[in-house]
Amino acid sequence: MFIGHFAVGFAAKRVAPSVSLGTLFLACQFADLLWPVLVIAGIERVGVQPGLTVVTPLDFIYYPFSHSLVAAAAWALLFAAAYSRLRNAALRTGIVLALVVVSHWVLDALTHRPDMPLTVSAESARVGLGLWNSLPGTIAVELLLFGAGLWLYTRATRALDRIGRLALWSLVAFLLVIYAANLFGPPPPSGMAAAWSALAMWLLVAWGYWVDRHRAVVRV
Ligand SMILES: [Zn+2]
């Protein structure tokens with residue numbers, strides 16, 4: 001899953017309005033922001049096998065620290081605890097952030113083939129409902145999620161200035177272009193190349209902070 005994760009980040013602004021959109025992106029994409037770092041460090045492994053699923057040729061050989069259920073729960077607790085401590089946030093905000101971090105695993109388990117480990121053990125059972133075996137199904141689910149998340153976000157916030165509109169809509173356009181390139185572009189030359197390009201995802205976190213600074217929360 002790609003833009004569906006950002007949908008959760010957008011939607012969460014409504015239930016945790018004090019949290020910056022950048023932090024919400026960091027939470028919803030935490031696993032995928034950590035993953036390329038671990039692959040490049042040689043701790044996790046990914047290969048490329050065109051045709052493995054209809055949607056992605058990436059073969060997630062070993063990624064328990066970024067993408068197991070146990071790791072997701074642990075990162076969620078750490079993320080919420082660190083944020084609460086740094087920002088003196090309410091318990092409710094911490095809970096929302098933890099749920100946003102865990103949502104990544106749930107949405108990935110919906111799309112991946114059964115390659116998502118439950119625990120960090122190399123012998124762990126692996127799950128995945130395999131939505132990636134259907135291109136129309138994947139696109140429909142992700143676009144619906146993305147549309148709904150974005151709709152909630154635009155209802156929960158309003159632009160303070162021109163940048164507040166421009167930064168948001170250029171981010172949306174950028175996400176859609178990257179998504180289309182992922183779906184219809186050529187497979188990456190190697191797993192390592194995929195990891196290096198995935199590092200660019202950190203830019204989206206910065207973009208989220210930029211958007212947030214130019215938009216105000218609407219009291220609902
Ligand atoms: Zn992921």
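Refer to the structure above for everything that follows.
Residues numbered from 1 in each chain as written. Predicted model: local features only at pLDDT ≥ 70, side-chain atom pairs only at ≥ 80, totals over all residues. Heavy atoms only, no water.

S.K.: Would you mind going over empty space enclosed by the protein with me for this structure?
M.R.: Here the idea is plain: a probe the size of a water molecule rolls over the atoms and shows the empty space left. A full pass over the atoms with the stated rule returns one cavity of 30 Å³ or more. Contributing to the lining of the largest cavity are Phe30, Ala31, Ser66, His67, Ala72, Trp75, Val101, His104, Trp105 and Met116. Elements that contribute at least two residues to the lining of the largest cavity include exactly α3 (30–40), α4 (64–67), α5 (69–87) and α6 (91–111). It is α6 that provides the largest number of residues to the lining of the largest cavity, a total of three residues. When its residues are assigned to classes, the lining of the largest cavity shows seven nonpolar, three polar and no charged. (1 Å grid on protein atoms, 1.4 Å probe; cavity = no way out; pocket = protein on both sides within 12 Å on 5 of 7 lines; lining within 4 Å. Points joined across faces, edges and corners; volume = space filled by probe spheres on them. Helix = DSSP H or I, 4+ residues; strand = E, 2+ residues; numbered from the N terminus. Nonpolar A, V, L, I, M, F, W, Y, C, P; charged D, E, K, R; others polar.)

S.K.: What exactly am I supposed to notice about the pattern of salt bridges here?
M.R.: Where side chains of opposite charge bring their charged atoms close, a pairing between them can arise. For the coordinates displayed, the defined rule picks out two salt bridges. A salt bridge links Asp212 to Lys13, with the shortest nitrogen-to-oxygen separation between them at 2.8 Å. With Asp212 in helix α10 (residues 201–213) and Lys13 in helix α1 (residues 3–15), this pair connects stretches of sequence that are 199 residues apart. Lys13 shares its class with Asp212; the two are buried. (Salt bridge = Lys/Arg side-chain N within 4 Å of Asp/Glu carboxyl O. Buried < 20%, exposed > 50% of the residue type's maximum accessible area, 1.4 Å probe, protein only.)

S.K.: I would appreciate a short explanation of the packing of aromatic side chains in the present structure.
M.R.: One pair of aromatic rings is described through two measures. These are the centre distance and the angle between the planes. Within this structure, the stated rule accounts for 13 aromatic pairs. Seen from their ring centres, Phe2 and Phe6 are 5.7 Å apart, and the 75° between their planes marks the pair as edge-to-face. The two residues Phe2 and Phe6 agree in class, both being buried. With centroids separated by 6.2 Å and ring planes inclined at 25°, the aromatic side chains of Phe2 and Tyr179 adopt a geometry described as stacked. With Phe2 in the segment before α1 and Tyr179 in helix α8 (residues 162–184), this residue pair connects regions lying 177 residues apart in the sequence. For Phe2, a relative accessible area of 10% puts it in the buried group. For Tyr179, a relative accessible area of 5% gives the class buried. (Phe/Tyr/Trp six-rings, centres within 6.5 Å; stacked < 30°, edge-to-face > 60°.)

S.K.: I keep staring at the coordination of the zinc ion and nothing clicks. Help me out?
M.R.: Around a metal, the ideal angle is 109.5 degrees if four donors adopt a tetrahedral arrangement and 90 or 180 degrees if six donors adopt an octahedral arrangement. Protein-derived coordination of the zinc ion comes from Asp32 (OD), His67 (NE2), His104 (NE2) and Asp108 (OD), at a distance range of 2.0 to 2.2 Å. Taken together, the four donor atoms coordinating the zinc ion and their angles of 84 to 176° define a geometry best described as irregular. (Donors = N, O, S within 2.8 Å, 3.2 Å for Na, K, Ca; no water. Tetrahedral: all angles 85-135°; square planar, octahedral: opposite > 155°, others 65-115°.)

S.K.: So what exactly am I meant to see when it comes to a nonpolar patch on the surface here?
M.R.: Taken together, the side chains of Ile43, Phe65 and Val120 define a hydrophobic patch exposed on the protein surface, amounting to about 220 Å² of accessible area. Mapped onto the fold, Val120 is located in the loop between β3 (116–117) and β4 (126–127). A residue is classified by how much of its surface remains accessible, and Val120, at 37% relative accessible area, is partly exposed. (Patch = residues over 30% accessible without salt bridge, like charges linked within 9 Å, V, L, I, M, F, W, Y side chains within 5 Å. Areas by Shrake-Rupley, 256 points an atom, 1.4 Å probe, with all protein chains shown as cover.)

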